[in-house]
Amino acid sequence: MKFADIVINRPIEGPFTYSIPGSLKEDVKIGSVVEVSFGNKVVIGYVVGLSDKCDIEKIKPINSLVDKKLCLVPDILELTKWISNYYYSSWGEAISAAVPGVLKKSISGKRHRKEKHEEEIPEFEFIDGSDTHLTPNREQQEALDSIMGSMDAKSHRVFLLHGVTGSGKTEVYLQSIAYALKLGLSSIVLVPEISLTPQTVARFKSRFGDKIAVLHSRLLGSKRASEWHRISSGEAQIVIGARSAIFAPVKNLGLVVVDEEHETSYKQEDAPRYNARDAAIKRAEISKAIVILGSATPSLESFYAAKNGQFTLIELSERIDSRLLPAVDIVDMREEMTRAKKVPIFSQKLREWIEKDIAERKQVILFLNRRGFSTFINCRKCGYVIKCKRCSVSLTYHFDKKKLVCHHCNFNMEPPEICPECNAAYLKYWGLGTEKVESELNRFFPQATIARMDTDSTHKRGSHDKVLSKFKDGNIDIIIGTQMIAKGLDFPKVTLVGVISADTALNLPDFRSAERTFNLLTQVAGRAGRSDLGGRVIIQSYTPHHYSIQAAKTHDYNAFYDKEISLRKELYLPPFCHMVSLTLRGRKEERVFKVSDNLKASLEKEIKSKNIDILGPAPAPISKMKGMYRWNIFLRAKIAEDVTSILKKALDRNKSSGIIITVDVDPS
Ligand code: ADP
Ligand code: ZN
């Protein structure tokens, strides 16, 4: 072959044709990674086609081959092609997401020095291959029979494994993986980055030893490259990793496990904006493999698909040790406010329980999903609120740094002493963040040792693990933290979990806010009562009767699902429609609005069926960010394919408008 079709990591479709120099004729194949000149730059390109003829006159040659051994397998090419179509990225961008950047660099020999800060996750005590199968209980056995039967048949099928924490889901994954191994098939296990803790890895390693390769973002440089090669050589047949592990170059894929399938961290925030769960299903379909989606609180999409027979639902209805889920109390903060005649941080009930538990040397976890000290500052005279100059949000006061900080762009400033608007000296600090809860805890419970865990307190490498090991050793009585502490932590001495405000997630302008709230409360509640000491959860709320909070109280996923799914149906929201969210950004608001209007008009012109509707344009919930004005348009359709060509044409027509348009399919 004389010519190669090549795509690159830019938001332009391609492919572009290059000639193959004689010296590379033998080695350039479909899937090869090469260097080419593009414009006046040298960029990485991916070969997606070969041909003998070419009509273009002035054709550039391929500069070089990055690595003879690095060749993308057909499965990955097909998967990335699907991603580029479904999520509206270029094929080159999608392939780039599949080949870790650091790998490309270390292979092309540009960076052979060992990177600074190279760090692996700390080792956790375990013995390779020491762990053996547990005898499955009845429900686990039924699940395994069904999964193994499908593997024997080598037919693609998606299982949704629904069961509370501790119901034995992981044991089902482990035994399914073992069965795949027996059939000579490989497995990929996806976990949210946050659950990729030493404990999780150790559990898999102690069952499968060095057949495991681990891929995660904390793995840097050469270690990442060597794990990649262990996989593509077939030495490691089991891959465990976060989102991008779905692109691992395994051979003979038989099984993909997506643990905590509802997690929003599976959605990538930059192009290509893919959801790793959906990519996992696609990859398994391509390889005729089995998928197991596991969760205690499945996404509405997945549970709906299971109810409709698209997925096979498997329920694990009991905890292995028959331990009861913790009792959940909901405190109506409106009543507390009336009683206290101010806005209290801790209800009387929460205070009493904290006191009691720390007196008994038990441990407490408190949760608040907002960092900082005060979340907004205004002038009591003129009402002026201090906002970020570049974003349409109020600045948060951080006590540690004595600064006002923007949580979107990190802008910070000294807090003014007088109102910038009217010069009055009446600035008042409102709202509640983790720093303030920490300081109030110190005031209320001077006898206790208190630690805070949020991105401010743990941004230094290793400090996160340090706090946790101190907590584990019983040297901390109370931890106050954000989202970060909601997942995965397993500490037997934690008997009390307090949610300072259940309303923060609920009040977000987002159709998934109820789902998020239910998931978060369920997860946080799961941190309590993990031993015979028992457990209690206290949820503080100003909307205590909301169904997401009530369902969390009774640990009733089905009740939540029934209510939420009927609302989604009524409002024509996913999973009842396919949704695409468009964001237009630019420095001049007028211009952003004008282009939004034009884009809508282009869409309307293309739309010929009644099955598609357009919402907006409207200012985005955060209408200005980092100096850019933002407007949204939403498209809703019965099926995804209906939108594709219409949207592509409309985007094409508005592409040189000077306004940045991002497309987010299945926004989360
Ligand atoms: P999940 O993944 O749903 O949280 P796990 O698989 O981690 O549940 O199981 C919870 C606990 O029960 C673990 O300590 C696990 O070792 C144990 N376990 C799981 N299955 C069995 C079984 N069949 N027999 C005995 N113990 C089990
Ligand atoms: Zn800002």
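Worth saying up front: this structure is predicted, and the values here are computed from it rather than measured. (Residues numbered from 1 in each chain as written. Chains lettered and ligands numbered in written order. Predicted model: local features only at pLDDT ≥ 70, side-chain atom pairs only at ≥ 80, totals over all residues. Heavy atoms only, no water.)

Asks: Sorry, what's going on with the site of ligand 1 here?
Replies: Surrounding ligand 1, one finds 15 residues, the nearest of these being Thr135, Gln140, Gly166, Thr170 and Arg203. Interatomic distance of 2.7 Å between a backbone N/O atom of glycine 166 and an oxygen atom of ligand 1. At 3.3 Å from an oxygen atom of ligand 1 is found a main-chain nitrogen or oxygen belonging to serine 167. Here ligand 1 loses 69% of its free accessible area of 550 Å² to cover by the protein chains. Ranked by residues supplied to the shell around ligand 1, first place goes to helix H5 (residues 169–182) with three residues. (Near = heavy atom within 4 Å. Polar contact = N/O pair within 3.5 Å; in protein donor to acceptor, adjacent residues only side chain to side chain. Areas by Shrake-Rupley, 256 points an atom, 1.4 Å probe, with all protein chains shown as cover. Helix = DSSP H or I, 4+ residues; strand = E, 2+ residues; numbered from the N terminus.)

Asks: How do you make sense of the state of the cysteines when you look at a structure like this?
Replies: Where two cysteines share a covalent bond between their sulfur atoms, that bond is called a disulfide. Counted by the stated rule, this structure contains zero disulfides. Looking at cysteine 382, it has no disulfide partner, and the nearest cysteine sulfur is the one in cysteine 419, 3.7 Å off. In this structure cysteine 382 comes out as partly exposed when scored by relative accessible area, which is 38%. For cysteine 419, a relative accessible area of 0% gives the class buried. (Disulfide = S-S within 2.5 Å. Buried < 20%, exposed > 50% of the residue type's maximum accessible area, 1.4 Å probe, protein only.)

Asks: Help me understand helix H9 (residues 300–307), please; the structure alone is not making it clear to me.
Replies: In an α-helix, one turn spans 3.6 residues, which is why side chains three or four residues apart end up on the same side. Residues of H9 that are buried include every one of Leu300, Ser302, Phe303, Ala305 and Ala306, and no others. Those residues of H9 that are buried are in contact with strand S6 (157–163), helix H8 (276–286), strand S11 (290–295), strand S12 (312–316), helix H15 (513–525) and helix H17 (557–570). Backbone geometry just downstream of H9 places glycine 309 in the positive-phi region, at approximately 80°. (Contact = heavy atoms within 4.5 Å.)

Asks: How do you make sense of the packing of helix H4 (residues 138–153) against H5 when you look at a structure like this?
Replies: Working note: a packed helix pair is described by the angle between its axes plus the distance between those axes. Relative to each other, H4 and H5 sit at 30°, their axes nearing to 10 Å. Classified by the interaxial angle, the pair formed by H4 and H5 is roughly parallel. For the pair H4 and H5, the crossing hand works out as right-handed. The segment H4 lies against H5, with Gln140, Ala143, Leu144, Ile147, Met148, Met151 and Asp152 engaging Glu171, Val172, Gln175, Ser176, Tyr179 and Ala180. Its residues placed into classes, the contact of H4 with H5 shows eight nonpolar, three polar and two charged. (Axes fitted to C-alpha atoms, helices over the stretch in contact; angles between N-to-C directions. Parallel < 35°, antiparallel > 145°, perpendicular 65-115°, else oblique. Left-handed = near helix turned anticlockwise from the far one by under 90°. Nonpolar A, V, L, I, M, F, W, Y, C, P; charged D, E, K, R; others polar.)

Asks: What is the right way to read H15 from this model?
Replies: Taking 1.5 Å of rise per residue, the 13 residues of H15 would be expected to cover 18 Å, and the 18 Å separating its terminal C-alpha atoms lies within 8% of that figure. Across the 13 residues that make up H15, a large majority, eleven, are buried. For H15, the complete set of buried residues consists of Ser513, Ala514, Glu515, Thr517, Phe518, Asn519, Leu520, Leu521, Gln523, Val524 and Ala525. (Expected span 1.5 Å × (residues − 1).)

Asks: Where do I start with the packing of aromatic side chains in this structure?
Replies: Two aromatic rings, taken as a pair, are described by how far apart their centres are and by the angle between their planes. Under the defined criterion, the tally for this structure stands at 20 aromatic pairs. Ring geometry for tryptophan 82 against tyrosine 86: centres 5.1 Å apart, planes inclined by 15°, an arrangement best described as stacked. Taken as a pair, tryptophan 82 and tyrosine 86 lie in helix H1 (residues 74–86) at a separation of four residues, close to a single helical turn. Relative to tryptophan 430, the ring of phenylalanine 376 lies with its centre 6.4 Å away and its plane at 15°, an arrangement referred to as stacked. With phenylalanine 376 in strand S15 (residues 376–379) and tryptophan 430 in strand S19 (residues 427–430), the pair connects residues that are 54 residues apart, well separated along the chain. Among the aromatic residues, those joined into a ring-pair cluster are Phe303, Phe518, Tyr547, Tyr557, Phe560 and Tyr561. (Phe/Tyr/Trp six-rings, centres within 6.5 Å; stacked < 30°, edge-to-face > 60°.)

Asks: Is there a simple way to explain the coordination of the zinc ion (ligand 2) in this structure?
Replies: Ideal geometry at a metal centre gives angles of 109.5 degrees when four donors are arranged tetrahedrally and 90 or 180 degrees when six donors are arranged octahedrally. Every protein donor of the zinc ion (ligand 2) is listed here as Cys388 (SG), Cys391 (SG), Cys406 (SG) and Cys409 (SG), and their distances to the metal cover 2.3 to 2.4 Å. For the zinc ion (ligand 2), the four donor atoms in the first shell make angles of 107 to 115° at the metal, so the coordination geometry reads as tetrahedral. The sequence pattern describing where the donors of the zinc ion (ligand 2) fall on their chain is C-x2-C-x14-C-x2-C. Taken together, the positions of cysteine 388 in the loop between S15 and strand S16 (396–398) and cysteine 406 in the loop between strand S17 (403–405) and strand S18 (412–413) put the pair 18 residues apart, joining distant regions of the chain. Among the residues examined, cysteine 406 registers a relative accessible area of 0% and is labelled buried. (Donors = N, O, S within 2.8 Å, 3.2 Å for Na, K, Ca; no water. Tetrahedral: all angles 85-135°; square planar, octahedral: opposite > 155°, others 65-115°.)

Asks: Sorry if this is basic, but what is going on with the sheet that holds strand S24 (residues 578–586) here?
Replies: Sheet strands pair via backbone hydrogen bonds, and the direction of the pair is either parallel or antiparallel. In spatial order, the strands read S25-S26-S24-S27; together these four strands make up an open sheet with antiparallel pairing. In this open sheet, the two edge strands, each paired with only one partner strand, are strand S25 (612–625) and strand S27 (660–665). Strand-to-strand twist in this sheet, taken as the mean axis angle between neighbours without regard to direction, amounts to 20°. Where S24 lies against strand S26 (residues 628–637), nine bridges are found, and the strand directions are antiparallel. (Pairing = 2+ DSSP bridges.)

Asks: Would you mind going over the sheet that holds S17 with me for this structure?
Replies: Strand order in this open sheet of three strands is S16-S17-S18, and the pairing throughout is antiparallel. The strands lining the two open edges of the sheet, one partner per strand, are S16 and S18. One ladder, built from two bridges, connects S17 with S18; its direction is antiparallel. When the bridges of S18 are listed, valine 405 appears paired with asparagine 412.

Asks: Is there a simple way to think about the nonpolar core in this case?
Replies: Inside soluble globular proteins, nonpolar side chains tend to come together where they are buried. Among the nonpolar cores identified, the biggest contains 115 residues, and Ile95, Leu190, Leu603 and Leu647 are the most heavily contacted of them. With near-sequence residues (within four places) excluded, leucine 603 lies in contact with Leu582, Ile614, Ile633, Leu635, Ile646, Leu647 and Ala650. Counting 32 residues, the second largest nonpolar core, distinct from the first, contains Met151, Ala180, Leu185 and Val189. (Core = buried A, V, L, I, M, F, W, Y, C linked by side-chain atoms within 4.5 Å.)

Asks: Explain the packing of H9 against H17 to me, please; I cannot follow it from the model alone.
Replies: Where H9 contacts H17, the two axes come as close as 11 Å, and the packing angle between them is 95°. Here H17 runs roughly perpendicular to H9, going by the angle between their axes. Residues Leu300, Phe303, Tyr304 and Lys307 of H9 touch H17, and the partners they reach there are Tyr557, Asn558, Phe560, Tyr561, Asp562, Glu564, Ile565 and Arg568.

Asks: Just to check I follow, could you spell out the pattern of salt bridges for this structure?
Replies: Should their charged atoms come close, side chains of opposite charge can pair. Applying the stated rule across the entire model yields 33 salt bridges. One salt bridge in this structure joins aspartate 664 and lysine 267, with 2.4 Å as the shortest N-O distance. With aspartate 664 in strand S27 and lysine 267 in the loop between strand S10 (253–259) and H8, this residue pair connects regions lying 397 residues apart in the sequence. Judged by relative accessible area, lysine 267 falls into the buried class, the value being 7%. Each of Asp400, Glu435, Glu438, Arg452 and Asp454 takes part in salt bridges that share partners, so that together they form one network. (Salt bridge = Lys/Arg side-chain N within 4 Å of Asp/Glu carboxyl O.)

Asks: Any chance you could explain unusual backbone geometry here in plain terms?
Replies: Among all residues save glycine, negative phi is the norm, and among peptide bonds the norm is trans. In this chain, glycine 14 is followed by proline 15 through a cis amide linkage whose omega measures -5°. By the element assignment, proline 15 lies in the loop between strand S1 (3–8) and strand S2 (16–19). Despite not being glycine, tyrosine 88 has its phi angle at roughly 60°, a positive value. The residue tyrosine 88 is located in the loop between H1 and helix H2 (91–98) in this model.

Asks: Teacher, can you tell me more about the confidence of the model for the chain here?
Replies: The predicted structure's coordinates, where accompanied by low pLDDT, should not be read in detail. Looking at the chain, pLDDT values average 89 and 94% of them are 70 or higher. Element-level pLDDT for the chain is lowest in helix H3 (residues 101–107), with a mean of 53, against a maximum mean of 98 in H9. Segment residues 106–125 is flagged for pLDDT under 50; beyond a separation of four residues in sequence, or across chains, it makes 33 contacts in the model. (pLDDT = per-residue confidence, 0-100.)

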